[in-house]
Every structure is written in structure tokens, then in C-alpha cells.
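One-letter residues, chain by chain:
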Amino acid sequence: MADEATRKAVSEIPLLKTNSGPRDKELWVQRLKEEYLALIKYVENNKKADNDWFRLESNKEGTRWFGKCWYIHDLLKYEFDLEFDIPVTYPATAPEVAIPELDGKTAKMYRGGKICLTDHFKPLWARNVPKFGLAHLMALGLGPWLAVEVPDLIAKGLVQHKEQQSS
Amino acid sequence: MATVEELKLRVQELENELLKCKLRQCSGSDGDDSHGHHRPRIEKMSAEVVDSNPYSRLMALKRMGIVEDYEKIRTYTVAVVGVGGVGSVTAEMLTRCGIGKLLLFDYDKVELANMNRLFFQPHQAGLSKVEAAEHTLRNINPDVVFETHNYNITTMDNFTHFMERISHGGLQEGSPVDLVLSCVDNFEARMAINAACNELGQIWMESGVSENAVSGHIQLIIPGETACFACAPPLVVAANIDEKTLKREGVCAASLPTTMGVVAGILVQNVLKYLLRFGTVSHYLGYNAMQDFFPSMSMKANPQCEDRYCRERQEEFRKKEVERPKQEVVEEEEQVVHEDNEWGIELVSEVTEEELRAASGPVPDLPEGITVAYTIPEERATRGPEEDTVPETEQSLEELMAQMRKM
Ligand SMILES: [Zn+2]
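Residues numbered from 1 in each chain as written. Chains lettered and ligands numbered in written order. Predicted model: local features only at pLDDT ≥ 70, side-chain atom pairs only at ≥ 80, totals over all residues. Heavy atoms only, no water.

Participant: Residue-level account of the overall build of chain B, with values.
Facilitator: On a plain count of helices and strands, chain B comes out with 10 helices and 10 strands. The proportion of buried residues among the 407 residues of chain B is 46%. Contacts spanning at least 24 positions in sequence make up 66% of the contacts within chain B whose residues lie at least 6 apart. Of the accessible surface of chain B, which amounts to about 21,600 Å², a share of 53% is contributed by carbon and sulfur atoms. (Helix = DSSP H or I, 4+ residues; strand = E, 2+ residues; numbered from the N terminus. Buried < 20%, exposed > 50% of the residue type's maximum accessible area, 1.4 Å probe, protein only. Contact = heavy atoms within 4.5 Å. Areas by Shrake-Rupley, 256 points an atom, 1.4 Å probe, with all protein chains shown as cover.)

Participant: Describe the pairing of strand 3 (residues 76-85) of chain A, naming the residues involved and giving the relevant values.
Facilitator: Residues and elements named next belong to chain A. Two elements, strand 2 (residues 64-73) and strand 3, share 10 bridges in a ladder whose sense is antiparallel. Bridge pairing in strand 3 places Tyr 71 opposite Tyr 78. With antiparallel pairing between neighbouring strands as the criterion, strand 2 and strand 3 make up a hairpin whose turn holds 2 residues, including Asp 74 at a positive phi of roughly 50 degrees. (Pairing = 2+ DSSP bridges.)

Participant: Kindly report on the coordination of the zinc ion, identifying the contributing residues and their values.
Facilitator: Residue and element names in this part refer to chain B. Here the zinc ion is held by the protein donor atoms Cys 228 (SG), Cys 231 (SG), Cys 305 (SG) and Cys 310 (SG), which lie 2.3 to 2.4 Å from it. Metal-centred angles of 106 to 114 degrees between the 4 donor atoms at the zinc ion mark the site as tetrahedral. All donors of the zinc ion belong to a single chain; written as a sequence motif, their spacing is C-x2-C-x73-C-x4-C. One exposure class covers both Cys 305 and Cys 310, and it is buried. (Donors = N, O, S within 2.8 Å, 3.2 Å for Na, K, Ca; no water. Tetrahedral: all angles 85-135°; square planar, octahedral: opposite > 155°, others 65-115°.)

Participant: Give a detailed account of the sheet that holds strand 3 of chain A, specifying residues and quantitative values.
Facilitator: Residues and elements named next belong to chain A. As summarised here, the arrangement of the 3 strands in space is 1-2-3, forming an open sheet in which the pairing is antiparallel. On the outer flanks of this sheet lie strand 1 (54-58) and strand 3, each paired with one strand and no other. With direction set aside, neighbouring strand axes in the sheet form an average angle of 15 degrees. Those strands touched by helix 2 (residues 25-48) are strand 1 and strand 2, and its axis lies near 165 degrees from that of strand 1. (Axes fitted to C-alpha atoms, helices over the stretch in contact; angles between N-to-C directions.)

Participant: Could you give me a rundown of the environment of Trp70(A), with the residues and numbers involved?
Facilitator: All names here are of chain A. Mapped onto the elements, Trp 70 comes out in strand 2. Spatially, the C-alpha atom of Trp 70 lies 6.1 Å from that of Phe 80, the residues being 10 residues apart in sequence. What Trp 70 contacts, discounting residues up to four positions off in sequence, is Asp 52, Trp 53, Phe 54, Arg 55, Lys 77, Tyr 78 and Glu 79.

Participant: Just give me the short version of the sheet that holds strand 4 (residues 179-182) of chain B, but keep the residues and values in it.
Facilitator: Residues and elements named next belong to chain B. Spatial ordering of the open sheet is given by 3-2-1-4-5-6-8-9, a layout of 8 strands whose pairing is mixed. Looking along the sheet, the strands with just one partner apiece sit at the ends: strand 3 (145-149) and strand 9 (296-297). Summarising the sheet, strand 8 (residues 284-288) and strand 9 pair through 2 bridges and their orientation is antiparallel. The partner of Tyr 284 across the bridge, within strand 9, is Met 297.

Participant: Tell me about the pattern of salt bridges, and name the residues and values.
Facilitator: This structure, assessed with the given rule, holds 32 salt bridges over all chains. Notably, a salt bridge pairs Glu4(A) with Arg7(A), separated by 3.5 Å at the nearest N-O pair. Of this pair, Glu4(A) and Arg7(A) are both found in helix 1 (residues 4-11), 3 residues apart, which corresponds to roughly one turn of the helix. Accessibility expressed as a relative area gives 21% for Arg7(A), which makes it partly exposed. When the shortest N-O distance is used, the salt bridge between Glu134(B) and Arg138(B) registers 2.3 Å. Of this pair, Glu134(B) and Arg138(B) both sit in helix 4 (residues 129-140), separated by 4 residues, roughly a single helical turn. With relative accessibility at 16%, the residue Glu134(B) sits in the buried group. A residue is classified by how much of its surface remains accessible, and Arg138(B), at 31% relative accessible area, is partly exposed. Several salt bridges share partner residues, and in doing so they unite Lys101(B), Glu147(B), Glu164(B), Arg165(B) and Glu173(B) into one network. (Salt bridge = Lys/Arg side-chain N within 4 Å of Asp/Glu carboxyl O.)

Participant: Lay out helix 4 (residues 134-155) of chain A with the relevant residues and their values.
Facilitator: Residue and element names in this part refer to chain A. For helix 4, with 22 residues, the first-to-last C-alpha span of 30 Å sits near the 32 Å given by 1.5 Å per residue. In helix 4, a bend of some 30 degrees at Leu 142 exceeds every other bend along the element, and Pro 144, a proline, comes one to four places later. Among the 22 residues in helix 4, 16 count as buried, and that is most of the element. Two residues or fewer after helix 4 comes Gly 157, characterised by a positive phi angle close to 75 degrees. (Expected span 1.5 Å × (residues − 1). Bend = angle between axes of the 7 residues up to and from the residue.)

Next comes the structure, spelled out in C-alpha cells:
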């Protein structure tokens, strides 16, 4: 599946306990708290490892998420907005992460800029329900996708470094 | 100053607007024959063989003794979820067959990239799929009642509305639809349809085409009775392609109008057989385009299904079975572990052999040509007790949200 660095990062993300989706009222709040705890821990780990690469936040119901992710290539920072909805069947099914601004620029996307995950992701997610959460989705889904696609998009000239972004 | 690209887009937008106006004008003059190709609505299906009767060849099924009561099709309501390569063709077939009412659900727009598939036309690019489909289908058969919903069923608000329409959107407002057809192209949407149908006890059929476009399947799901979509890992038709030679670099999915047409065909055939009660209704029928092989099978619901409503429906079904006067012996059903599945596709998500073994679960005994997309180990919680989980916290959700925002 993933490379050593990803495996290590994933193993350091705390696992979630509550098997609950957005259609469950109180249990969903508990699940959301766990999601935030895991995300906060993951971002802290990333900062410590000098590999801070995304931010996420949600609406107050925790059903719609949005944020930024970035990728450093040749010392330049390429930043993208990301978004996704929590499907009603979460956590049995992982959300589909979208980077709308890259829609149409790579074949590794479905309509609406939803990133196309590897064949390995779905079985891995299914085997880890309900322990995997959004932090795991970032680490195992979006992270590896950016690492493969962004350098390719830059090489093809489909993504340009924006001046106002600090490098 | 607008760029050429922007102007092109604007022209396209205006063309679409014009098309919409034209279509509105046509549908506004229902029964007006001035265009020469809009027939008035037909109140009663006739078996009379004249060139102006669109139903004569269908009604001939009755005369030949294939179908007992073909007109009954006009009393049925079918919901088609996903109006893409399979769903649009499915909807067209049902429309031509004279179905009573169609509900169409899709959040997507028609794109030029869809033109390798059937049904939609280049001039419809930019229109929502449900809107474009309704226009075309109403033209083909004005006797059908249409209801369209342009949204993604997997999000909270839409899902609630979707459930409401499945349970109340029948031809007689307030009654449930007769059948839901899943023609979506992703796992999330299938699971959402599955959840809705389990909860409502709604019979539905699932359909799918593989991402490499050379296999597909249809499946009848009777909640509590036959296996639901969550009862087992996703079933796949093995196309007997060496995974090592299957190149996935640089693309998400391929698609062929042929495979999609075949799947839509076997899906609607099963729908007609189910609704009009003729022939044998398939529980699962696969299509392997590489070898021209059609494996079929039947699978009972899994008592350990993760879906709570699936288990509730199973309980109801068991009670009903007990009460029912005894008749024929129930055949089949085996949950044996298959050691060596030569058709099986192993999806290697782990690095080492041991990890792979630890992560693999039992493979249900499936007929040749059908396998599962992946397996799930029996005890999922086996990473040891020292496994690192999120700590208990005194913080409220709002506080955690604020903390995350400040990072
Ligand atoms: Zn089930």
C-alpha cells in the first residue's frame, strides 16, 4: 500500500471508537469530537515532523467540511481549497474529497473535482470501520494523491505557483 | 475584456437557454400536432395493430401468451437513481415500454465527455441530466408521468427528501414506488440507496459496470430476504484479467456504450419480469464481456449484516416464513470458505505476506465467475489492546472546533 512515511504517520493517528454517522443525533456529536481530536493530533504530529500540509474545518453539524491543503515542490508552495460532504452512510463509506479548482486538469478525478483514490484505499477503509476517521482519510487518501498528482500537474504546466503564497 | 474561452462558454449557455425555451414551447402544446411529431396522450393501451399505435408490439406479448396483463405496466412507478450511461438507457427503455411513472435522481450535468455513451446528445451539454432526460423521454412517450430531482442523494438533507419520495412518490401520490433501480457509479451512493431501502423495506435492483468497462452485473434486493448491498463486501464479476497487466496509471475509469447497454438491457428485462410476472426473475446476474459469460446466483441476507435495518427486515421475514404454510423446500445457501478461487482478484493493500493474511477474511462460496472486491477479517478489532485510540475529553465540540481553527 503506502510508503513507510505514510504508514508511520497513520500509525500515530489515534483510532476512533464511536461507530456513528450523521443520521444519529447524540452519538454523532461524540463521533465528531473524536474526529476533531484525531485531526488535531494528526496536525500536531505533522507540525512536529515539519510536514504540516492541510487544515480542515466543518459546519456546526459536522456534515460539510472544507479547508486547504498544500504541497511543496522545488521549494515553492502550491495551495488548494478542498471540500467534502459526510455521506449519510459514514463511517461505513469514506467521504469523497474534492479539489474543485483542479477539476478537468487530471484524469485522476471524477466529476466535480473528486479525487480518484487507489484500489487499495477502499478495502483498507472497509477493514478499519469505524476506527478510521477523517484524519486517516487525509493521510491515506488525499496525501498520497497530492504527492503523485501535483508534481505531474506542475510539470504539465496545469498548475502555477501563485505569487501571493509564501514559499 | 472576455477571453475566447469565456465567450465560448457564454455561447453554449445561450444555446442551452434557447433549447430549453424551444422544448418548453413544444411541451406546452401537448396534443397539438402542428410539429408533426408530438402525439397526444393515450388513455388506454390498445392491442390494435396499426402504424399509429405505439403499444401494438408490446401488447402482442399478451396475445402470444408471454405476459398475462401487459397494460398493468401503466400502474407501476419506478425510481431510477443515477441517470448516466446505464440509468438513462434504463429510463428510455421503461418509457418506451409505457411505464406509469418514472422518478429520476441525479446531480450531474451532461458533458461532452459523456458522448461515448448512449442517450444524451451534444446539444444537451450543460443541462442537468435529469432535466435533459425528462425532455427527451416526454417526447418519446407523453403517457409517462415524470418527476425529477437534481441532487446528490448521499448528503443529509437530500437523503431525507429521497427517502420521502421513495415512500410517497408512487403514481397515486402518497403510495410508495414499486421499485428502485440503482444505476449509480459509486459505492457511497449504492450504500445510501441500500440504507434507504432497508429502512423502508423497499425492494430494489442494483446494477453496475466495472471501472475497466468489461464486466457488469444486476442484483435484486428484497430487504430481509436476499443479501443487501452491505451483507457482503461488494460482489464483482471476475473478468479474468491479470491484475498485473491492468494499467490504472493516469485514469480513473473507462466506459463502453456496449457494456452499459447490455447491463441496462438485463436490468430492465429483470424489471419487466418482476413487475409483469413472467419468466424467472434473476437474483444476481453477472456479465463478463471478455469471455461472454453470464454467471448467476442467489444469496441470502447475512444475519451479521452491519446494517441494523437489514437485520430488522430479516427478523420480520423469519416471522413471516414461520407463519406461512409449509410448501417447497428452500434450496441453496452456503457460507463455506473457499480456499482457492482461481477467478479471484486479490487486492493487495498490505505490504508483507503476513499482513495480507491478517487482513484477509473468508471468501463466501460463490459460483465460478463471481467474487468479492475484497475481504474483511472476522474479528476486526485485532490490533492489540494497547491500540492507540482517541482519549476521553472534557472539551465540548465547540471548543475542539475552535482549537482546530486556531492551529
Ligand atoms: Zn444486509
